[in-house]
Amino acid sequence: MALVSEFLGQLTLSYGTEPEATFPTVVPAPDFDPARDAARMDTAIKTKAGTDEQTIIDILTRRSYEQRCEIAFEYERLAKKDLNSALKGALSGSLEALMLGLMKSAAQYDATELKSSMKGLGTDEETLIEIVCSRSNQEMAEIKKVYREVFRKELDKDIAGDTSGNFAKLLLALVQTKRDEPSNVIDYQMINADARSLYEAGVKRKGTDAAWISIMSQRSVPHLQRVFERYQSYSPYDIKESIRKEVKGDLERSFTTLVECFQNRQLYFANRLGEAMKSKGAKEKVVTRILVSRCEVDLMKIRAEFRKLHQRSLFQTISEHTRGGYQRALLSLCGGDD
């Protein structure tokens, strides 16, 4: 048995080490001409009949981030004005926020959203949880770097100043980017030990402790997926039910978000979009943030998960809950109906 145990403990499989595939709805435009696009943008912004929103939407939502940067460079050369400033003057409301979001890199956009969530009185915990709990090590490291460059502050210090208790400890642990990278080696002994630790620290006795925070913030995603499966051999509840029974408020939402992202990140975002558009109107900040941040990453897959989850397409749902230029821009980023 010892020999079998040793063999299983070191079993090597190709599991989770391949680069994560992307499923974008926005890809680099073919036959791209930044000078031509910049000239069209200039005309659209200066038109005497009022801003030509459709041309701006057509250009910025159908170009990659790198291409938008080239357009911005050419626009400044042509119009002798910063494109972001021109967009602020020409647009307003949700459409303005969406277009300005597209002019940022993924890390710049996330850093700005995090800063906004902690600005002024009160904290937007929902935004804080969504971004910190859904980003990878590499994404979070880049966000921290950009946050420091743009705001001259450390992200972890701002989080520590705006949150408290175990909620703060979990977010700070995630921001430290100490999560193990996926490995070809599946360590069954560690999987079992982690599952048992989560159970003993949670359901077996009232209240969770540091074990939950360290395991959820440091283990690789493929490892945790197996831990959650193994957990059910110890607990009468699955991992999400255990979280609901053990913790409340922001800590509960954070742990639940982590589990959902570890199990299926695209399904998590599909669910967030559904929640943001389940009543009349839409939580536009949430919808904007997800479509802007995921359109060049995995929005195509989020669309597929959305249809499976809600039995209707993301395109149709956006059409029903938004309007005007903002609606047209979102539908363009969405990339079509399913």
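Just above sits the structure.
My aim in this report is to walk through the structure given alongside it, one point at a time. Source: prediction; values computed, not measured.

Turning next to the side chain of Ser235. On the secondary structure map, Ser235 appears in the loop between helix H14 (221-231) and helix H15 (239-246). Take Ser235: its relative accessible area is 6%, and that puts it in the buried class.

Relative to the helices and strands, Gln311 is located in the loop between helix H18 (299-310) and helix H19 (314-321). C-alpha separation for the pair Gln311 and Arg40, spaced 271 residues apart in sequence, amounts to 39 Å. At a separation of 2.8 Å, a polar atom in the side chain of Gln311 contacts the main-chain carbonyl oxygen of Lys308.

There is about 460 Å³ of room inside the second largest pocket. Taken together, 22 residues line the second largest pocket, and the ones lying closest to its centre are Ser105, Ala106, Ala107, Ser293 and Val297. Looking at the lining of the second largest pocket, the elements that each hand over two or more residues are helix H4 (65-79), helix H6 (93-102), helix H7 (106-117), helix H9 (137-151) and helix H17 (284-294). With four residues, H7 is the largest single contributor of residues to the lining of the second largest pocket. A per-class count over the lining of the second largest pocket returns nine nonpolar, four polar and nine charged.

Moving on: the pattern of salt bridges. Evaluated as defined, the whole model comprises 23 salt bridges. Between Arg63 and Asp37 there is a salt bridge; the shortest N-O distance is 2.7 Å. Here the residue Arg63 occupies a position in the loop between helix H3 (53-60) and H4, and Asp37 occupies one in helix H2 (residues 34-46), the gap between them amounting to 26 residues. Pair check on accessibility: Arg63 and Asp37 agree, each one buried. Between Asp338 and Arg303 there is a salt bridge, with the nearest N and O atoms lying 2.7 Å from each other. Linking Asp338 in the segment after helix H20 (324-334) with Arg303 in helix H18, this pair joins segments that are 35 residues apart in sequence. Judged by relative accessible area, which is 39%, Asp338 ranks as partly exposed.

Take the environment of Asp194 next. Assignment of secondary structure puts Asp194 in helix H12 (residues 188-201). Residue class for Asp194 comes out buried when judged on its relative accessible area of 4%. The sequence separation of Asp194 and Trp212 amounts to 18 residues, and the corresponding C-alpha distance is 9.2 Å. With residues near it in sequence (within four places) discarded, Asp194 still touches Ile215, Arg219, His223 and Val227. Side-chain polar atoms of Asp194 contact the side chain of Arg219, separated by 2.6 Å.

About the thresholds
Residues numbered from 1 in each chain as written. Predicted model: local features only at pLDDT ≥ 70, side-chain atom pairs only at ≥ 80, totals over all residues. Heavy atoms only, no water. Helix = DSSP H or I, 4+ residues; strand = E, 2+ residues; numbered from the N terminus. Buried < 20%, exposed > 50% of the residue type's maximum accessible area, 1.4 Å probe, protein only. Polar contact = N/O pair within 3.5 Å; in protein donor to acceptor, adjacent residues only side chain to side chain. 1 Å grid on protein atoms, 1.4 Å probe; cavity = no way out; pocket = protein on both sides within 12 Å on 5 of 7 lines; lining within 4 Å. Points joined across faces, edges and corners; volume = space filled by probe spheres on them. Nonpolar A, V, L, I, M, F, W, Y, C, P; charged D, E, K, R; others polar. Salt bridge = Lys/Arg side-chain N within 4 Å of Asp/Glu carboxyl O. Contact = heavy atoms within 4.5 Å.

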